[in-house]
Amino acid sequence: MELRSVRGTHDIFGEEIDKFNRISNIVSKNANLKNFKEIQTPIFEFSELFAKPLGEQSDVVLKEMYSFEDRNNEFLTLRPEYTTPMIRAAISNNLLNDLPLKIFGIGPMFRRERPQKGRYRQFNQINFEILGTKDFIADVELILLSNNILKELLPQSEIKLHINSLGDKKTLSDFKKNLTKYFNTHKKKLSEESVNKIYTNPLRILDSKNIEDIEISKSSPKIYEYLTAEAKKHYEDIRRSLNLLEINFEENSNLVRGLDYYCNTVFEFKSDDLGSQDTLLGGGRYDGLIKLLGGPDIPGIGWAAGIERIALLMDHEKKTNSIVHLAVTNDKFTDYFLYLQKYLSENKISYYWNYKYNLKKSFTKANLYSASYMIIIGDNEFNGKFFTIKNLITGEQKELELHQISNYLNDKSR
Ligand code: HAM
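Asker: Hey, could you go over the sheet that holds strand 3 (residues 67-69) for me, with residue numbers and the actual values?
Answerer: Each strand in a sheet pairs with its neighbour through backbone hydrogen bonds, running either in the same direction (parallel) or in the opposite one (antiparallel). The antiparallel open sheet is built from three strands, whose spatial order is 2-4-3. This sheet does not close on itself; its edge strands, each paired only once, are strand 2 (44-46) and strand 3. Taken over all neighbouring pairs, the strand axes of this sheet differ in orientation by 35° on average, direction set aside. Sheet analysis places strand 3 next to strand 4 (residues 75-78), joined by three bridges and oriented antiparallel. Each bridged residue has a counterpart across the sheet, and for S67 the counterpart in strand 4 is T77.

Asker: Residues and numbers for the nonpolar core, please.
Answerer: One finds L131 and F183 to be the most contacted residues of the largest nonpolar core, which totals 45 residues. For this core, the elements supplying multiple residues, two or more each, are helix 2 (48-54), helix 3 (59-64), helix 4 (83-92), strand 5 (101-110), strand 6 (122-131), helix 6 (169-185) and helix 10 (289-292). Top contributing element to this core by residue count: helix 6, with five residues. If near-sequence neighbours (up to four positions away) are discounted, L131 is found in contact with I87, A90, L96, L99, P100, L101, I103, Y286, I290, P299 and G300. Counting residues in hydrophobic clusters, the runner-up holds 40 residues, among them I247, I301, L313 and M314.

Asker: Can you explain the packing of helix 1 (residues 15-33) against helix 5 (residues 136-153)? Please cite residues and give values.
Answerer: With their axes 10 Å apart at the nearest point, helix 1 and helix 5 run at an angle of 145° to one another. Of the two elements, helix 1 crosses helix 5, and the hand of that crossing is right-handed. Contact residues: helix 1 offers R22, I23, I26, V27, K29 and N30, while helix 5 offers L145, N148, I149, E152 and L153.

Asker: Help me get a handle on empty space enclosed by the protein, residues and values and all.
Answerer: Summed over the entire model, instances satisfying the criterion amount to one cavity of 30 Å³ or more. Considered as a void within the structure, the largest cavity measures approximately 80 Å³ in volume. In this structure, the largest cavity is lined by L166, L172, K176, N201, L203, R204, V256, R257, G258, L259, D260 and Y262. Looking at the lining of the largest cavity, its residues break down into six nonpolar, two polar and four charged.

Asker: Residues and numbers for the packing of helix 5 against helix 9 (residues 229-244), please.
Answerer: Axis angle and axis distance: for two packed helices, these are the angle between their axes and the distance between the axes, and together they describe the pair. Here helix 5 crosses helix 9 at 40°, and the two axes come no closer than 9 Å. Considering the angle they form, helix 5 stands oblique to helix 9. Between helix 5 and helix 9 the crossing geometry is right-handed. Contacts from F136, D139, V140 and I143 of helix 5 reach helix 9 at H234, D237, I238, R240, S241 and L242. Taken together, the residues that form the contact of helix 5 with helix 9 break down as five nonpolar, two polar and three charged.

Asker: Help me get a handle on the site of the ligand, residues and values and all.
Answerer: For the ligand, the set of nearby residues contains 27 residues, the closest of which are E81, R111, E113, Y120 and Y262. In the model, a nitrogen atom of the ligand is placed 2.9 Å from a nitrogen or oxygen of the T83 side chain. Compared with its free state, where it exposes 660 Å², the ligand has 95% of that area covered by protein. Among the secondary structure elements, those contributing two or more residues to the shell around the ligand are strand 6, strand 10 (279-285) and strand 11 (300-306).

Asker: How would you explain the pairing of strand 9 (residues 263-271) if you had to name every residue and give the values?
Answerer: For strand 9, the tally of buried residues reaches nine of nine residues, placing the bulk of the element in the interior. Pairing of strand 7 (residues 159-165) with strand 9 involves seven bridges; the strand directions are antiparallel. The residue of strand 9 that forms the bridge with I163 is F267. Pairing geometry for strand 9 and strand 10, over six bridges, is antiparallel. When the sheet's bridge partners are listed, C263 is paired in strand 10 with R285.

Asker: Before we move on, can you summarise the pattern of salt bridges with the specific residues and values?
Answerer: For the coordinates displayed, the defined rule picks out 23 salt bridges. Of the charged contacts, one joins K29 and E152 as a salt bridge, the two residues approaching to 2.5 Å between their closest N and O atoms. Placement of the pair is K29 in helix 1 and E152 in helix 5, with a sequence separation of 123 residues. The class of K29 is partly exposed, set by a relative accessible area of 41%. Here R239 and E236 are joined by a salt bridge, their closest N and O atoms 3.8 Å apart. Placement of both R239 and E236 in helix 9 is noted, with a separation of three residues, approximately one turn of the helix. When its relative accessible area of 15% is taken as the criterion, R239 is described as buried. What makes E236 partly exposed here is its relative accessible area of 39%.

What counts, and where the lines are drawn
- Residues numbered from 1 in each chain as written.
- Predicted model: local features only at pLDDT ≥ 70, side-chain atom pairs only at ≥ 80, totals over all residues.
- Heavy atoms only, no water.
- Pairing = 2+ DSSP bridges.
- Helix = DSSP H or I, 4+ residues; strand = E, 2+ residues; numbered from the N terminus.
- Axes fitted to C-alpha atoms, helices over the stretch in contact; angles between N-to-C directions.
- Core = buried A, V, L, I, M, F, W, Y, C linked by side-chain atoms within 4.5 Å.
- Buried < 20%, exposed > 50% of the residue type's maximum accessible area, 1.4 Å probe, protein only.
- Contact = heavy atoms within 4.5 Å.
- Left-handed = near helix turned anticlockwise from the far one by under 90°.
- 1 Å grid on protein atoms, 1.4 Å probe; cavity = no way out; pocket = protein on both sides within 12 Å on 5 of 7 lines; lining within 4 Å.
- Points joined across faces, edges and corners; volume = space filled by probe spheres on them.
- Nonpolar A, V, L, I, M, F, W, Y, C, P; charged D, E, K, R; others polar.
- Parallel < 35°, antiparallel > 145°, perpendicular 65-115°, else oblique.
- Near = heavy atom within 4 Å.
- Polar contact = N/O pair within 3.5 Å; in protein donor to acceptor, adjacent residues only side chain to side chain.
- Areas by Shrake-Rupley, 256 points an atom, 1.4 Å probe, with all protein chains shown as cover.
- Salt bridge = Lys/Arg side-chain N within 4 Å of Asp/Glu carboxyl O.

And the structure:
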């Protein structure tokens, strides 16, 4: 038998595990600051926990769940997401007495999707939930928290926040009826996949990636026109607060999310550097879900982010980072070299040296690490009291004195 891992799964080790640990440390630190308590739930649950809340017609339930019958003839499912198991755990363990309940969790999820860059069949999520308040401040607090965590993990990435409101359940069901009518009159131009969703899940046509679907969706009814006065106020309060906090956002009326339990606020953080799987983090309100799962009729809101997608962006940042590699050709330049190290540290310039007095080996390493610059110390540099800086992308070479290096690098890396 050929020894191999299951398609869509991956082993995590080396640099990857370092990134995973860094992500969970930063998440836990931020969770503590905001008083969220950690919770871990089992990896599998009874299948019925997921089908109705996520939506009988959602892609996850229709085709992506790993479900099986165990030896007691019980139907079990590997959790495809964390919100429903967390709510189940809060109800099962009587955690809903003191509200709001603020919980978070980190762990693997399972969805049988077509694997590609940023999309796996076993992947890891960070998940935050606030149960028991409909105050818009909870929405703002969660968006602010996700923004802070992403900024800390990915300081150089351009990540855009998209927001929308889906209104209450009644608004959403009226809106869906009108969408069905609209798409039905345009069905000749829709993709086959979208045609199949006209009656079952018309909202999902709005976030189709097919060019013709996008064109047709542009003139489709807009949810904002259907919102109740209360839902409009909730949405306006959020936009006002985000402006006040100087968090940039884009209103996206086609943002509908893939799971059925949402209402009112929905949001996603997206990055153009992720390819087609461009959503890093997504979430929203789910008033009604806790009751549906057998708990009290209280509202809730939360978000989840994919750890693998954050790790991909960390790689991307590292590649575009102007990492400087040092090349020291002989150990007789050690003292001269120590001055340089001190200078680079004081000027917060990221550098790497491989402890080898060999120019060729230094270039090989620099190439491997996708470094942008090499600073070379050889006889000429040592005798002339300068440093040679080579731009590894353009090939340009400059001779600079120590105090000129920072300005030069900052100029070039802009
Ligand atoms: P979701 O949008 O299905 O939401 O997933 C959240 C995040 O998990 C995505 O933005 C993505 O980064 C990551 N993700 C999803 N599927 C995959 C995959 N196949 N491979 C890699 N990463 C993936 C939820 O799961 C909701 N429970 C979020 C939530 C929490 N809403 C309220 N509370």
